[in-house]
Amino acid sequence: MEWQRLREKAFTTTKEALAASVNDNHLIIQAVASMEDLDRTSNTLIKRLREWYSLYGPEFSHAVTDNEAFTRRVLEKSKQEQLQELQCKQSMGADLQEQDVQEMLALAGMIRAMHEERARLERYLETIMQRHCPNITAIAGPTIAARLLQEAGSLRQLAIIQASTIQMYGAEKALFRHLKTGAKPPKHGHIINHPLIAKAQAKDKGKIARALADKLSIAAKVDYFKGDPIGDELRKALEERFG
Amino acid sequence: MKPARFDNIYEEKAKKGMKLFTKSAYEDFRGFEEAIITKDDQQYREVDPERSKLFAAVAKGISQIGIREGSSVLYLGASHGYTASYCSDIIGKQGKILCVDVAPRVVRDLVFLCEKRDNMAPLLADCRQPETYKEFISENVDVVFQDIAQRDQVSIFLKNCDQFLKQGGFGLLAVKARSIDVTKKPALVFKQAYQELDKARSTVIVDKRELAPYEKDHVLFVVKKR
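Every value quoted in this text rests on a predicted model; they were computed, and no experiment measured them.

Engineer: Mind laying out the interface of chain B and chain A, listing which residues take part and the relevant values?
Structural biologist: Chain B puts 20 residues into the contact, and the matching count from chain A is 14 residues. Among the residues of chain B in contact with chain A, D118, L124 and F136 of chain B are the three that bury the most area, contributing 32% of the side total. For the pair chain B and chain A, the interface holds 3 salt bridges. Between D118 of chain B and R7 of chain A there is a salt bridge, with the nearest N and O atoms lying 3.9 Å from each other. Breaking the side of chain B that touches chain A down by element, the ones donating at least two residues are strand 7 (96–101), helix 3 (104–115) and strand 8 (120–124) of chain B. Element by element, the count of residues in the side of chain B that touches chain A is highest for helix 3 of chain B, at 6 residues. Considered class by class, the residues forming the side of chain B that touches chain A number 12 nonpolar, 2 polar and 6 charged.

Below you can see the structure in the form of structure tokens.
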């Protein structure tokens, strides 16, 4: 029957087209989203671990504020060793049975695995970003550049939009609040994590954000249209001006 | 439960208004976590008019939808295939429906859906360019249904109707005011869409329905090919 034949053909063509539609943009977007998921989940779990472990050795959670370092020490050192290191004579923690402690350590092991996975993902993101869009990566670093790409949806879109949009990506909530109520406009979105902005004084942040977004916009165009590398040059110019 | 005004659509009194169902053409199909009622060995799938503009228009009492038992349908902007799957129920096993969408992500879901239903076919294509899928339409169809959120949705619709709709066939167009112009008042956008449709020589406007409260700032137009 005619319909059956056309239907088969539609399936074949569509499946081929779907397979061909996947590109680096999709891989980057999934990788950076996965990184965010890992951060969020491991933060939730580590809050639980700190609460839980504090029944046993509260001094520790108090002494080590860094989450990764805390997880590592819980796993690697016994309660006695840690108390000695902290020169703590009397612990507020309960003396728990081996079995009870093991469960906490199992959770800690999972959190450590997440931290390792996140580091691995970051390295992967760096390689794929270098391949797909070397210029914006040179200016903003793989993580921030990937976030911008995620917001835009594709490198093509990132190359088309204006610099001011790149500046605002990640600050949508504040931007629309500004437009709606006339509150103070945001100066920067994802690019706030860029070292140049992060270490700048408050009064300079807006100016640097504008300049940085401008250079990123230029770099995105070069990346999309496959021009000569320009990223390092642009970054140096920014560093000379603001660094 | 009693038959509604259209083929294979049924309605049942509920606490608030009417519940809508279609007579399931493919047994034991449940693709969208919808409620299924079995009566005399026949399954009926419940439709949520808030998720489907076609059925929102039915609930609002539209006079004609054109889709009948055995119809052939060109569905533009099928997305995940929610409404399309119910159209597939209405047309039954003798009908056929070609579901077109541009976005790879949703067409992926659509492929899985169509595999379960012999009268549906998926197609990844852009309805701005009818040439790219004309080879999949062997003869002109009874119904063109379009639900895409594009600025020039009315002219895309007319282009497709001109090319693929048979004489006396029906075209259904869901107009989303917010995607034509956010700054204009929806009523004004609808008026302009009406005028644009009215100007077209090949079709006449049969009916239109605002879809509130099921869908905000949407209108469904029904046109008939001269």
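So that's the structure; there's more coming.
Engineer: Run through the state of the cysteines, naming residues and quoting values.
Structural biologist: Residue and element names in this part refer to chain B. With the rule as written, the count across this model stands at 0 disulfides over all chains. Between C114, a cysteine without a disulfide, and C99, which holds the nearest cysteine sulfur, the sulfur-to-sulfur distance is 4.6 Å. A residue is classified by how much of its surface remains accessible, and C114, at 0% relative accessible area, is buried.

Engineer: Describe the domain arrangement of chain A, with residues and values.
Structural biologist: Residues and elements named next belong to chain A. According to the domain assignment, chain A consists of domain 1 (19–132) and domain 2 (134–243). Using C-alpha coordinates to define each centre, domain 1 is positioned 30 Å away from domain 2. Listed as interface residues are 14 residues of domain 1 and, on the opposing side, 13 residues of domain 2. Where domain 1 abuts domain 2, roughly 1,200 Å² becomes buried across the two surfaces, and 63% of that area is made up of carbon and sulfur atoms. For the domain 1 face of the interface with domain 2, the top three residues by lost area are I29, M129 and H132, together amounting to 40%. Linking domain 1 to domain 2 there are 1 salt bridge. Note that E36 and R147 form a salt bridge whose closest N and O atoms lie 2.7 Å from each other. Scanning the region where domain 1 abuts domain 2 turns up 2 residue pairs in polar contact (both at pLDDT 80 or more). Elements represented by at least two residues in the side of domain 1 that touches domain 2 include exactly helix 2 (24–53) and helix 6 (98–132). Partitioning the side of domain 1 that touches domain 2 into residue classes produces 7 nonpolar, 3 polar and 4 charged.

Here is what the cut-offs are and how they apply
Residues numbered from 1 in each chain as written. Chains lettered and ligands numbered in written order. Predicted model: local features only at pLDDT ≥ 70, side-chain atom pairs only at ≥ 80, totals over all residues. Heavy atoms only, no water. Contact = heavy atoms within 4.5 Å. Buried area = accessible area lost by both parts, 1.4 Å probe. Salt bridge = Lys/Arg side-chain N within 4 Å of Asp/Glu carboxyl O. Helix = DSSP H or I, 4+ residues; strand = E, 2+ residues; numbered from the N terminus. Nonpolar A, V, L, I, M, F, W, Y, C, P; charged D, E, K, R; others polar. Disulfide = S-S within 2.5 Å. Buried < 20%, exposed > 50% of the residue type's maximum accessible area, 1.4 Å probe, protein only. Domains from an automatic or database assignment. Polar contact = N/O pair within 3.5 Å; in protein donor to acceptor, adjacent residues only side chain to side chain.

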